Amino acid sequence: MHLTSYTDYSLRLLIYLGAQTPGVLSSVKEISTVYDLSYNHLGKITFKLGKLGLIETVRGRNGGIRLAKAPKEINLGWVVRQTEDDLQVVECFGKTNTCRISSVCRLKGILGEALEAYFRVLDSYTLEDVLSNKDAIQLSLGLSK
């Protein structure tokens, strides 16, 4: 399973906001600079995460973004499902399956089981779990006091 950069950056953005001091607003520009990511790409991700109710956008001169939920309420499996467009591991998972052996092959079932296990693990973690070493994350991101 390979996650897209969209999902990777979504998770990084959530980690950054979760590591921030509660109530402090961050900017997309600041986060894109810290992670050395495209500002435009991160802007699109910010918009999507806002639509999903994960982040809050405050407009205005002193505006910015922050988490809209507590880190313990942000499930990693749910975030990955919302940010990945294609969870099709192999062709036979899709609607345009042209594999000649798919009706008799057991690989689809095995890979389906593996994908379920993958999400079972992700579903057992929240953003709070990722932030269990918040001090070290803050230091790495330059957020230390």
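The structure we're discussing is the one just above.
Rules of the game
Starting from 1, residues in each chain are numbered consecutively following that chain's sequence as written. This being a predicted model, a pLDDT of at least 70 is required before a residue's local features are given, and a value of 80 or more before pairs of side-chain atoms are given or counted; all residues contribute to the totals for chains, interfaces and linings. Side-chain figures throughout are based on the complete set of non-hydrogen atoms in the structure, without hydrogens or water. Residues enter a nonpolar core if they are buried and are Ala, Val, Leu, Ile, Met, Phe, Trp, Tyr or Cys, with the set joined through side-chain atoms within 4.5 Å. Under the scheme applied here, a residue whose accessible area is under 20% of the maximum for its type counts as buried, over 50% as exposed, and between as partly exposed, the area being computed with a 1.4 Å probe on protein chains only. Secondary structure elements follow DSSP: runs of H or I of four or more residues count as helices, runs of E of two or more count as strands, with numbering from the N terminus. Two residues qualify as a contact provided that any one of their heavy atoms is within 4.5 Å of a heavy atom in the partner residue. Only one rule defines a salt bridge in this text: a Lys or Arg side-chain nitrogen within 4 Å of an Asp or Glu carboxyl oxygen. Throughout, the arc means the angular range of directions from the helix axis out to the C-beta atoms. In this description, strands pair whenever DSSP reports at least two bridges between them. Helix span, as expected, comes to 1.5 Å for every residue beyond the first.

(A) Structural detail: the nonpolar core. Leu13, Leu14, Leu17, Ile31 and Leu42 are the most contacted members of the largest nonpolar core, which has 26 residues in total. Sorting the residues of this core by element identifies α1 (5-19), α2 (28-35), α3 (39-51), β2 (64-67) and α7 (134-141) as the ones contributing at least two each. Looking at this core element by element, the count peaks at eight residues for α1. If we skip the residues at most four places from it in the chain, Leu17 touches Ser26, Ile31, Ile55, Ile65, Arg66 and Leu67. Counting residues in each nonpolar core, the second largest holds five residues, with Leu76, Val80, Leu115 and Phe119 among its members.

(B) Fine view of the environment of Leu52. Relative to the helices and strands, Leu52 resides in the loop between α3 and β1 (55-58). When the C-alpha positions of Leu52 and Ala68 are compared, they lie 9.9 Å apart, and in sequence the two are 16 residues distant.

(C) Representation of the pattern of salt bridges. Scanning the entire structure with this criterion turns up three salt bridges. Among the ionic pairs, Arg66 bridges to Glu56, the shortest N-O distance being 3.0 Å. Taken together, the residues span a long stretch of sequence, with Arg66 in strand β2 and Glu56 in strand β1 at a distance of 10 residues. Between Asp123 and Arg81 there is a salt bridge; the shortest N-O distance is 2.7 Å. Of this pair, Asp123 sits in helix α5 (residues 107-123) while Arg81 sits in helix α4 (residues 76-83), placing them 42 residues apart in sequence. Judged by its relative accessible area of 33%, Asp123 falls in the partly exposed class. A residue is classified by how much of its surface remains accessible, and Arg81, at 35% relative accessible area, is partly exposed.

(D) Spatial organisation of α2. Every buried residue belonging to α2 is among Val28, Ile31, Ser32 and Tyr35, and all of these are buried. End-on view of α2: buried residues confined to an arc of 100°, all on one side of the axis. Away from its buried face by more than 90 degrees, α2 exposes Lys29 and Thr33. Contacts from the buried residues of α2 go to α1, α3, β2 and α7. Of the residues trailing α2, Asp36 is marked for its positive phi of about 55°.

(E) Looking closely at the environment of Asn62. Note that Asn62 resides in the loop between β1 and β2. In this structure the C-alpha to C-alpha distance between Asn62 and Thr21, which are 41 residues apart in sequence, comes to 16 Å.

(F) Geometry of the pairing of β2. Bridge analysis of β1 against β2 gives four bridges, and the strand direction is antiparallel. In the sheet register, Thr57 faces β2, and the bridge partner there is Ile65. Here β1 hands over to β2 after five residues, with Gly60 in that stretch at a positive phi of 110°.

(G) Highlighting α5. Helix length check: α5, at 17 residues, gives a terminal C-alpha distance of 24 Å against a target of 24 Å (1.5 Å per residue), a fit within 8%. Buried within α5 are the following residues: Gly112, Leu115, Phe119 and Leu122. Taken end-on, α5 shows its buried residues confined to a sector of 80°, consistent with a single buried face. Across α5 from its buried face, at more than 90 degrees, point the exposed residues Glu113 and Arg120. On its buried face, α5 sits against α4.

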